[in-house]
Amino acid sequence: PIKCFIANYGGVLDNAKSLVEIMTLSKTPIYTIAIGMCASAASMIYLAGTKRLATKNVTFLFHQGSCSNLEGSYAEISQFMDNYKKDIDELRDYYKKYTNFPPEKIDDCLEKGDWYVRPDEGLENGVIDEIVEDIEILL
């Protein structure tokens with residue numbers, strides 16, 4: 001398998017979606033291994049792993065993302081927001097597909113803003129398949 005170590009605060013949603021698409025098309029299993037912070041777009045990439053491992057001190061951050069430097073005419077901003085709403089709806093569906101959290105919890109937590117998930121909660125709700133207890137697993 002390919003082993004992909006992730007310790008990242010996130011990035012651009014479109015870039016993450018492109019990488020996730022390639023990962024899910026891969027015939028080779030991709031093990032994602034979260035260490036440290038696994039936030040925002042990085043959490044999406046992590047969830048696309050065939051097998052998901054994490055160290056005991058990892059923190060996941062799920063959220064709706066952010067819009068910075070938004071400017072333009074009313075029509076341009078309106079079109080952007082219509083498209084962004086579709087992206088957020090897809091993101092909700094993504095979290096529902098790749099975790100075992102109840103759908104209502106996902107909706108509620110995303111509406112509130114940043115949603116932090118620690119390893120015990122992640123393991124219990126299908127975010128993490130296994131907590132790394134031995135360095136040999138990572139080699």
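Residues numbered from 1 in each chain as written. Predicted model: local features only at pLDDT ≥ 70, side-chain atom pairs only at ≥ 80, totals over all residues. Heavy atoms only, no water.

*Asks:* I'm lost on helix 3 (residues 74-98) in this one. Help?
*Replies:* Each turn of an α-helix holds 3.6 residues, which means side chains three or four residues apart point in the same direction. An ideal rise of 1.5 Å per residue puts 36 Å on 25 residues; helix 3 measures up with 36 Å between its terminal C-alpha atoms. Each element contacted by the buried residues of helix 3 is listed here: helix 1 (13-25), helix 2 (41-47), strand 3 (51-54), strand 4 (59-62) and helix 4 (103-112). (Helix = DSSP H or I, 4+ residues; strand = E, 2+ residues; numbered from the N terminus. Expected span 1.5 Å × (residues − 1). Contact = heavy atoms within 4.5 Å.)

*Asks:* What is the right way to read the layout of surface pockets from this model?
*Replies:* Picture a little ball the size of a water molecule; that probe, rolled over the atoms, points out where space is still empty. In this structure, the largest pocket spans a volume of roughly 380 Å³. Lining the largest pocket are 18 residues; nearest its centre among them are Val12, Leu13, Asp14, Ser66 and Tyr84. Put simply, the parts of the chain that give the lining of the largest pocket at least two residues each are helix 1, helix 2 and helix 3. The element best represented in the lining of the largest pocket is helix 3, accounting for seven residues. Of the residues contributing to the lining of the largest pocket, the split by class is nine nonpolar, seven polar and two charged. (1 Å grid on protein atoms, 1.4 Å probe; cavity = no way out; pocket = protein on both sides within 12 Å on 5 of 7 lines; lining within 4 Å. Points joined across faces, edges and corners; volume = space filled by probe spheres on them. Nonpolar A, V, L, I, M, F, W, Y, C, P; charged D, E, K, R; others polar.)

*Asks:* What's the story with the pairing of strand 2 (residues 30-39) in this structure? I'm lost.
*Replies:* For a regular strand, side-chain orientation follows a simple rule: the groups alternate between the two sheet faces. Counting buried positions over the ten residues of strand 2 gives seven, a clear majority of the element. In the sheet, strand 1 (residues 2-8) pairs with strand 2 via six bridges, with the strands oriented parallel. Across the sheet, isoleucine 2 pairs through a bridge with isoleucine 30, a residue of strand 2. In terms of handedness, the path from strand 1 via helix 1 over to strand 2 forms a crossover that is right-handed. Two elements, strand 2 and strand 3, share four bridges in a ladder whose sense is parallel. (Buried < 20%, exposed > 50% of the residue type's maximum accessible area, 1.4 Å probe, protein only. Pairing = 2+ DSSP bridges. Right-handed = clockwise from strand over helix to strand, strands pointing away.)

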